[in-house]
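Letter by letter, the chains look like this.
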Amino acid sequence: LGPTEFDQVARPAAGVFWVGQRVGYSKVIEVGPGGESFVARAGHGWQHEIAGTQLGADEPNERRRFVLAARDATAIDDFASDIRFKPTQLLRSHGIASGMHVRIRSGEGVYGILGAYSREARKFTRDDLSFLTSVSNVIGAALLRRRAEERAAHLAQFDGLTDLEGTPVFTNSL
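Cut-offs and rules
Residues numbered from 1 in each chain as written. Predicted model: local features only at pLDDT ≥ 70, side-chain atom pairs only at ≥ 80, totals over all residues. Heavy atoms only, no water. Core = buried A, V, L, I, M, F, W, Y, C linked by side-chain atoms within 4.5 Å. Buried < 20%, exposed > 50% of the residue type's maximum accessible area, 1.4 Å probe, protein only. Helix = DSSP H or I, 4+ residues; strand = E, 2+ residues; numbered from the N terminus. Arc of directions from axis to C-beta. Contact = heavy atoms within 4.5 Å. Pairing = 2+ DSSP bridges. Axes fitted to C-alpha atoms, helices over the stretch in contact; angles between N-to-C directions. Polar contact = N/O pair within 3.5 Å; in protein donor to acceptor, adjacent residues only side chain to side chain. Phe/Tyr/Trp six-rings, centres within 6.5 Å; stacked < 30°, edge-to-face > 60°. Lys NZ or Arg CZ within 6 Å of the ring centre and 35° of its normal.

Caption draft 1: Expanded view of the nonpolar core. Core analysis: the largest hydrophobic core is formed by 18 residues, its most contacted members being Phe38, Trp46, Leu55, Leu91, Ile96, Ile113 and Tyr117. Mapped onto this core, the elements with two or more residues apiece are strand E1 (25-31), strand E2 (38-44), helix H2 (62-69), helix H3 (89-93) and strand E5 (109-118). At three residues, E1 tops the list of elements feeding residues into this core. Grouped together as the second largest cluster of nonpolar side chains are 15 residues, Ala73, Met100, Leu114 and Leu132 included.

Caption draft 2: Highlighting the environment of Gly35. Positionally, Gly35 belongs in the loop between E1 and E2. Separated by 30 residues in the primary sequence, Gly35 and Arg65 place their C-alpha atoms 7.2 Å from one another.

Caption draft 3: Broad picture of H2. Here H2 has its buried residues at Arg63, Arg64, Val67 and Leu68. Buried residues of H2 fall within an arc of 140° about the axis and therefore sit on the same side. Where H2 is buried, its residues touch E1, E2, strand E3 (74-76), H3, strand E4 (98-106) and E5.

Caption draft 4: Quick look at the sheet that holds E3. Here we have five strands laid out as an open sheet, ordered E2-E1-E5-E4-E3, and antiparallel in their pairing. Edge positions in the sheet fall to E2 and E3, since each has one partner strand and no second. Each strand axis lies, on average, 20° off the axis of its neighbour in the sheet, ignoring direction. Inspection of the sheet shows E3 paired to E4 by three bridges, in the antiparallel sense. Among the inter-strand pairings, Ala75 is bridged to a residue of E4, identified as Met100.

Caption draft 5: Expanded view of the environment of Tyr117. Within the element layout of this structure, Tyr117 appears in strand E5. Taking C-alpha positions, Tyr117 is 9.7 Å from Ala75, a pair spaced 42 residues apart along the chain. Not counting residues up to four positions away in its chain, the partners in contact with Tyr117 are Val23, Gly24, Tyr25, Lys27, Trp46, Arg63, Leu91, Ile96, Ser98, Gly99 and His101.

Caption draft 6: Up close: the side chain of Asp82. Topologically, Asp82 is positioned in the loop between E3 and H3. According to the relative accessible area criterion, Asp82 is buried, its value standing at 12%. At 2.9 Å, the side chain of Asp82 and the backbone nitrogen of Arg84 are in polar contact.

Caption draft 7: Focus on the packing of aromatic side chains. Enumeration according to the criterion identifies three aromatic pairs in this entry. Taking 4.8 Å as the distance between ring centres and 40° as the angle between the ring planes, the aromatic pair formed by Tyr25 and Trp46 counts as tilted. Of this pair, Tyr25 sits in strand E1 while Trp46 sits in the loop between E2 and H2, placing them 21 residues apart in sequence. With a relative accessible area of 8%, Tyr25 lands in the buried category. The buried category is assigned to Trp46, whose relative accessible area is 10%. Aromatic rings pair up to connect Tyr25, Trp46 and Tyr117 into one cluster. The side chain of Arg64 reaches across the aromatic face of Phe38, ending 5.2 Å from its centre. In this structure, Arg84 packs its charged tip against the face of Phe66, placed 5.7 Å from the ring centre.

Shown next, in the form of structure tokens:
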């Protein structure tokens, strides 16, 4: 999927989570090849529009890599007392005290990260983490469906064996 297609899925999901969990901030991050780059695709609550912003290019990405490797959603109840990870510049500039994250899986692998944040230190519950996971699963399913639709449209216009355009066999039978 291109950035535009991902944005069409990510924006509503970030909004649903932001409203549903009553957190101050949410974002959907797309992960680049090899997990080395991170781009915000949607967000709610931030001072400036973050969609399309390259994240953490000059900061260590240990927390994001940890989330990508984790099987389940993770929470940081208080960044100030957490010894594993420090908040990024974006989180610090908004006074974020706590957050939770989950990877977005779609078909072949991990597509991104869904995160939610609060300015108050907050103990996220199992239900909070389950809801976050559910929203990420919906994003992943929507991305998988969109890829399948794109593949079907491609196959309708191109020969499946040669990938040459203009093979009228399937098109004429519609």
